[in-house]
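Observations on chain architecture
Below, each chain spelled out in residue letters.
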Amino acid sequence: GQSSVEATGWADFNDKMMDFHFELQNASPFLLNNFWSDTLDQGRATGLLDIKGRFGAPKIVIDVDCENVVYNELSVEKGSLDATINNLELMDDGYARILIENGRYKDSPIDNASLDIQFMSDGISIDHLYVKEGDNYLELNGFYDKNQILEISRLQIAYKSHFIINPSAIKIARQDSVYYA
């Protein structure tokens, strides 16, 4: 079908406030790349995007379904993004849900994947990360705090009839580009 992005809204440059609503219908990379700083190589997006609030710290609400997306080394046959970030500058209140059906990251196929995260004042809660390819899968829950410490509370990996399950939490810290467990 026809590719379109319909935008409505306003911006007040004196008060540095805005309220925009975008409706995407089979939006192409050519249209989408005009609205963000990165580059989408191919794909189509249909859904809604709202941006409201102060210029430097708006609230973002997005509900988009995508098809045949290629972004850097990730390709997705079918996917969706549902997210609300109440302050884009602070990233301290909101959530994101990402679903992927039939994709590929670099040379690794993906049958399906899902990610549910919550943005909180003290970090990012990874409520659920799941990636599956054939009988192989990765499942993870954890928390990434503002001090760059990842605490994995649940980890399950199945790969070619081998299984790994963590019996207790795993903490991974990053300092000066070096990771410590």
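What counts, and at which threshold
Residues numbered from 1 in each chain as written. Predicted model: local features only at pLDDT ≥ 70, side-chain atom pairs only at ≥ 80, totals over all residues. Heavy atoms only, no water. Helix = DSSP H or I, 4+ residues; strand = E, 2+ residues; numbered from the N terminus. Buried < 20%, exposed > 50% of the residue type's maximum accessible area, 1.4 Å probe, protein only. Contact = heavy atoms within 4.5 Å. Areas by Shrake-Rupley, 256 points an atom, 1.4 Å probe, with all protein chains shown as cover. Lys, Arg positive; Asp, Glu negative; His and termini not counted. Charge placed at Lys NZ, Arg CZ, Asp CG, Glu CD. Salt bridge = Lys/Arg side-chain N within 4 Å of Asp/Glu carboxyl O. Pairing = 2+ DSSP bridges. Core = buried A, V, L, I, M, F, W, Y, C linked by side-chain atoms within 4.5 Å. pLDDT = per-residue confidence, 0-100.

**Remarks on the overall build of the protein**
A tally of regular secondary structure across the protein gives one helix and 13 strands. In sequence order, the protein lays out its α and β elements as β-β-α-β-β-β-β-β-β-β-β-β-β-β. With the principal axes as the frame, the protein shows a C-alpha extent of 55 × 40 × 25 Å. Buried residues in the protein amount to 27% of all 181 residues. Of all intrachain contacts in the protein linking residues separated by at least 6 positions in sequence, the fraction that spans at least 24 positions is 30%. With the model as given, the accessible surface of the protein reaches about 11800 Å², and the carbon-plus-sulfur share is 53%. Of the side-chain charges in the protein, 15 are positive and 29 negative, and the distance between the mean point of each set is 3 Å.

**Looking at the pattern of salt bridges**
Scanning the model with the defined rule gives five salt bridges in all. As a salt-bridge pair, Asp116 and Arg97 come within 3.7 Å of each other at their nearest N and O atoms. In this pair, Asp116 sits in strand β7 (residues 108-120) while Arg97 sits in strand β6 (residues 94-105), placing the two residues 19 residues apart along the sequence. Its relative accessible area of 42% is what places Arg97 among the partly exposed residues. Glu139 is the salt-bridge partner of Arg154, the closest N and O atoms lying 3.1 Å from each other.

**Quick look at unusual backbone geometry**
Unusually for a residue other than glycine, Asn68 sits at a positive phi of about 50°. According to the relative accessible area criterion, Asn68 is partly exposed, its value standing at 43%. Despite not being glycine, Ser161 shows a phi value in the positive range, around 70°. A relative accessible area of 70% means that Ser161 is categorised as exposed.

**Describing the pairing of β6**
Of the pairings in the sheet, the one linking strand β5 (residues 74-85) to β6 comprises eleven bridges and is antiparallel in character. Bridge pairing in β6 links Lys78 to Glu101. Where β6 hands over to β7, the hairpin turn is made up of two residues, of which Lys106 adopts a positive phi near 55°.

**What about the nonpolar core?**
Core analysis: the largest hydrophobic core is formed by 25 residues, its most contacted members being Leu24 and Leu32. Of all elements in the fold, only β2 (17-27), β3 (42-54), β4 (57-71), β5, β6, β7 and β10 (149-159) reach the threshold of two or more residues within this core. Setting aside chain neighbours within four positions, we find Leu32 in contact with Leu24, Ala27, Leu40 and Ala45.

**Remarks on the confidence of the model for the protein**
This prediction gives the protein a mean pLDDT of 92; 98% of its residues lie at or above 70. The least confident element of the protein, judged by mean pLDDT, is helix α1 (residues 29-32) at 74; the most confident is strand β8 (residues 123-133) at 97.

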